[in-house]
Protein chains: 2
Amino acid sequence: MLKIALAQLNPTIGDLAGNGERILAVAEQAVANQVDLLLTPELSICGYPPRDLLLNASFQAAMADRLQSLAQQLPAQLAVLVGLATIAQPPGKPLHNSVALLHDGQVQQVFHKQLLPTYDVFDENRYFQPGESSNHFQIGDYRVGVTICEDLWNDEEFWGKQQYLVNPIAELARQSVDLVVNLSASPYSVGKQQLREAMLQHTARRYQQPIVYVNQVGANDDLIFDGGSIGCDRQGQIICRSQSFHADLSIVNFDGDCLRDLSPTTLAPAVEESSAIWQALVLGVGDYARKCGFQQALLGLSGGIDSALVAAIAVQALGAEKVLGVLMPSPYSSEHSVTDALAVARNLGIETQTIPIGGLMQQFDLALEPMFAGTEFGIAEENLQSRIRGGLLMAIANKFGHLLLSTGNKSEMAVGYCTLYGDMNGGLAAIADLPKTKVYDLCRWLNREREVIPVNIITKPPSAELRPGQLDQDSLPPYEVLDAILEGLVCDHLSVADLVERGFAAATVQRVAQLLRRAEFKRRQAPPGLKITDRAFGTGWRMPIASSVP
Amino acid sequence: MLKIALAQLNPTIGDLAGNGERILAVAEQAVANQVDLLLTPELSICGYPPRDLLLNASFQAAMADRLQSLAQQLPAQLAVLVGLATIAQPPGKPLHNSVALLHDGQVQQVFHKQLLPTYDVFDENRYFQPGESSNHFQIGDYRVGVTICEDLWNDEEFWGKQQYLVNPIAELARQSVDLVVNLSASPYSVGKQQLREAMLQHTARRYQQPIVYVNQVGANDDLIFDGGSIGCDRQGQIICRSQSFHADLSIVNFDGDCLRDLSPTTLAPAVEESSAIWQALVLGVGDYARKCGFQQALLGLSGGIDSALVAAIAVQALGAEKVLGVLMPSPYSSEHSVTDALAVARNLGIETQTIPIGGLMQQFDLALEPMFAGTEFGIAEENLQSRIRGGLLMAIANKFGHLLLSTGNKSEMAVGYCTLYGDMNGGLAAIADLPKTKVYDLCRWLNREREVIPVNIITKPPSAELRPGQLDQDSLPPYEVLDAILEGLVCDHLSVADLVERGFAAATVQRVAQLLRRAEFKRRQAPPGLKITDRAFGTGWRMPIASSVP
């Protein structure tokens, strides 16, 4: 029998010392539980994704040093798999994405990732040379196959297509390993855990191979890693599941002689969609603040639904006493915008400050009067209000060292219904990947037991309140329609013609497509936004600005 | 004999109709000159780099359609090589980076790029499956080898190392082609043309193979393509060279029976470094404005050297009457800052507007007084001045539909000596990849015949003038030292220890390294900056923000 621990760790990118300490701490726990083999996530020594830090020779050397010191510091009786980048032989890329087996005070073996994701937010071909051989090691009576994240994601039967030439799992099955382990850093998106589990179950059954899968947890900039590590037996039963969105240590026994080769069953509950999105965003905000060294956050409270939701997320992540809401009413602000904003603060128990901006608007008008005389009130004047607010928020952030959270949603970011250097200001865009219709859904879910988001904020028609009587729906299609069109254009790579064929009005789709393209320059300058879908604006969205599309 | 035309084209990304028209137009010229074979740059139908436009099925289909219509529209007697992405067979990436041979009204052959750059600004493994076979075609008595950009860049003798397993040029030599053509989109960086020529000469001599190399010209967002297409005979002599930084059509004869197989010699003059940087930046600003549809540009004129240089670039790119300089003096502004800014405008012949910001500063102080009472004047107040100016500039840009140019240099962007949502504001950062010391060099070069940049601006000590008596050198090392350290940290991937070993003061290097890391969140939100070095902040700089580096 082999006792295996799944250490679902939350590393800080580049923090080789701290990440190593985390590994040593769970190793102690593992030893206390008579564990034989400890698994950590992909690149557990440096954290995933290390991005261009990998290009620095000193960083490469420091990783190698940390590996040696870990080998010596870890309990000798415990076999430990840790992830790091190692030097590759030319020709090709300078590094491998590797896993090292540490045991008896030494580095025993080093394995290399074979399938390197290079799509969406992943750039692994930028840094890594693929491993060319199948990876396994012997521990006690068992032969354990080692795979790294994407190595598991090429089951052509499951996907209906083959993404890479090689399937490392099939190769390991041919080599008759007793067990496959997978060290992962797989970011969260809506429905991802169900997908992972279905895929693992399929592959385990297909190859009659138990799979123990350890995922990274924690957020790094725009990417939220949800954990949810899994042990799946050879019959395709999920036997153990670690918590989602929290660091965790799960232990499972492997006995190759049993029909049920993994035991006992210890399942953290599956998380339903709204709860998962909520926990993802809370983790995203909390980890960004903590890993950047911010103690407190602030945001503009407009009385609208977006800022109300972001305030609630920030309070859950940091604590009510660490969040400041700033009200900045203008002469165009409705009375309910102020009362609703104050109601949000009251419900959440956060401090507010109110800074009316009428005087500043007048002063800007005065400053620009010589140039603007005779022109109509328009976008320039609307944006000015937003930029005054953005400037005030940044002044407060700078003065007190707080993290400014921006509050724009994905629908706005898509069509440019947001002001660059205004409401887009912030260190992190908490809900930038949440379409407006999902913002409403999440707020209703939040209110399932008690009113967190004031009901009036959910029921009133959305408005930017940048001119008298303005409503979002005056200049945009209804959000249900807008979000459906955007889903097609952004997530599904569809064309205007495709969407018209699916029944959307041609003029509406064309207008949305044009707004989407024209807002590219704004998105390029947006803060990192927490990614929760398969296609988020941000590091995985790489569009030209100066372009002309057929 | 084979008469070959090198069409150095300036495509707009995604503009399949317009780019096709450009190809048809040069084909007419070629036919008028009895040309047999017309070469266009890499991906000449869609422009390079098309980035994530490639992921849209409708865009893929539209490229294929455009290829067919071009085949029919082009003069039948002319053989033409055009570049486009074509569908690849699974498994693997969905596309090839291809070249099609059009002749006699049909697509005769399609060739695929074998070496796919995936480093710096290049993401080709994200989209493309490598071609697996060597490419050539027969025209008249000659066998012509076809390569695409990077295919040429793996001569291990020249580089001292092998980057890829395959060397397509060596393979073509084994297949005894008479001539190698290369369709490229190779972006400019300082010294790049000399490097290209040296490499071509080496490879031509080594394989006794004439090479005709056609490069894209024109700027697309941050990337400036400099053209400089080349014909190099089998003895390694550069026989023809197209203009740098301008669309061009060169014609060269190939006769395999002659010792000198390419003729006649037609060499556009080589461009020296300062002139090349200047022309690159002018092209970068001009093309960004034109391809985005801007008629006019504006910028803040501070009286400092950065904005003076950007104004001069804008005037050269767009014309003096299309550039507006805005002076926004504060109570901390020196008298010379206003007179120097006006002198810039006078030298360049541009219109200015002056908007004093003292009233706005007071109004912000008033608005923030309840929160800031009892605190010291500091970074928050300094940034406010910059943000007031940034807000005014954007208001003018929005009102009149002008392009705002930001004026920060690479040294500032590196250490964060710039204000996010303030002086960083703009659609394009014209000199963001030019270190401060190079800003001075370029201004002195500009003044070589007459005073363009007022001399006082070059000789006075630089200052942000955000507090009384402030000088850059109060908070930063001298720019000569700073830029040398940054060159090591940013471009050469060196560590603090490496630089200390090279003689820099440890405390200074540590401080610069820390400033560099801490400014990552600002750079993430910076506008696209014109790239002129091998390592620019921007699309090729991918650093984590929330990180902790050893």
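1. Let's talk about the side chain of B:D151
Residues and elements named next belong to chain B. Along the chain, the position of D151 falls in the loop between β7 (142–148) and α4 (156–159). The side chain of D151 sits in the buried core without any salt bridge; K113 is the nearest counter-charge, 6.6 Å away. Within the structure, the side chain of D151 is placed 2.8 Å from the backbone nitrogen of L115, a separation counted as a polar contact. Among the polar contacts made by the side chain of D151, one reaches the main-chain amide nitrogen of I148 at a distance of 2.9 Å. Sequence-distant contacts of D151, defined by excluding residues within four places in its chain, comprise K113, Q114, L115, N167, P168 and I169.

2. Section: the pattern of salt bridges
All chains considered together, the criterion is met by 54 salt bridges over all chains. A salt bridge links A:E381 to B:K399, with the shortest nitrogen-to-oxygen separation between them at 2.8 Å. Pair noted here: A:E381 is in helix α11 (residues 379–400) and B:K399 is in helix α11 (residues 379–400), and the two residues belong to different chains. Both residues of the pair, A:E381 and B:K399, belong to the buried class. Residue B:D123 pairs with A:R542 through a salt bridge whose shortest N-O separation is 3.2 Å. Here B:D123 is found in the loop between β5 (106–112) and α3 (124–127), whereas its partner A:R542 is found in the segment after α19 (520–524) on a different chain. For A:R542, a relative accessible area of 6% translates into the label buried. Via salt bridges that share partners, A:D123, A:R542, B:D123 and B:R542 belong to a single interconnected network.

3. Focus on the sheet that holds strand β12 (residues 230–232) of chain B
Residues and elements named next belong to chain B. The seven strands lie next to each other as β6-β7-β8-β9-β12-β13-β16, forming an open sheet whose pairing is mixed. The open sheet has two edge strands with one neighbour each: β6 (136–139) and β16 (266–267). As paired elements, β12 and strand β13 (residues 238–241) share three bridges and run antiparallel to each other. Considered in β13, the bridge of G231 is made with C240. Set on the sheet, helix α6 (residues 192–207) makes contact with β9 (211–215), β12 and β13; between it and β12 the angle comes to about 30°.

4. A look at helix α2 (residues 57–73) of chain A
If you check α2(A), its first and last C-alpha atoms are 24 Å apart, about what 17 residues at 1.5 Å a residue would give, namely 24 Å. Within the sequence span of α2(A), burial applies to A:F59, A:Q60, A:A62, A:M63, A:R66, A:L67, A:L70 and A:A71.

5. Regarding the relation of the copies chain B and chain A
Superposition of chain B onto chain A requires a rotation of 180° combined with a translation of 0.0 Å along the rotation axis, giving an RMSD of 0.0 Å. The superposition operator between the copies reduces to a two-fold rotation axis. Minimal C-alpha distance to the rotation axis in chain B is attained by B:Q525, lying at 2.1 Å. A symmetric contact is evident, with 99% of the interface residues of chain B recurring at the interface of chain A.

6. Observations regarding the environment of A:G83
Residue and element names in this part refer to chain A. Along the chain, G83 turns up in strand β3 (residues 79–87). Exposure remark for G83: the relative accessible area of 0% places this residue in the buried category. C-alpha separation for the pair G83 and V344, spaced 261 residues apart in sequence, amounts to 44 Å. Ignoring anything within four residues of it in the chain, the contact list for G83 reads T40, P41, E42, L43, S44, I45, C46, S98 and V99.

7. Overview of the environment of B:S184
All names here are of chain B. As for its position among the elements, S184 is in strand β8 (residues 179–184). As a C-alpha pair, S184 and T40 span 144 residues in sequence and 8.5 Å in three-dimensional space. With sequence-adjacent residues up to four places away left out, S184 is seen in contact with P41, E42, C149, Y213, V214, N215 and Q216.

8. As for the sheet that holds strand β9 (residues 211–215) of chain A
Residue and element names in this part refer to chain A. Sheet architecture is open: seven strands sit in the order β6-β7-β8-β9-β12-β13-β16, paired in mixed fashion. Two strands bound the open sheet, and with one partner strand each, they are β6 (136–139) and β16 (266–267). Along the sheet, helix α6 (residues 192–207) makes contact with β9, β12 (230–232) and β13 (238–241), crossing β12 at roughly 30°.

Rules of the game
Residues numbered from 1 in each chain as written. Chains lettered and ligands numbered in written order. Predicted model: local features only at pLDDT ≥ 70, side-chain atom pairs only at ≥ 80, totals over all residues. Heavy atoms only, no water. Helix = DSSP H or I, 4+ residues; strand = E, 2+ residues; numbered from the N terminus. Buried < 20%, exposed > 50% of the residue type's maximum accessible area, 1.4 Å probe, protein only. Lys, Arg positive; Asp, Glu negative; His and termini not counted. Salt bridge = Lys/Arg side-chain N within 4 Å of Asp/Glu carboxyl O. Polar contact = N/O pair within 3.5 Å; in protein donor to acceptor, adjacent residues only side chain to side chain. Contact = heavy atoms within 4.5 Å. Pairing = 2+ DSSP bridges. Axes fitted to C-alpha atoms, helices over the stretch in contact; angles between N-to-C directions. Expected span 1.5 Å × (residues − 1). Least-squares fit on C-alpha atoms with pLDDT ≥ 70 in both.

Everything listed here is a matter of coordinates, which is why it stays silent on function.
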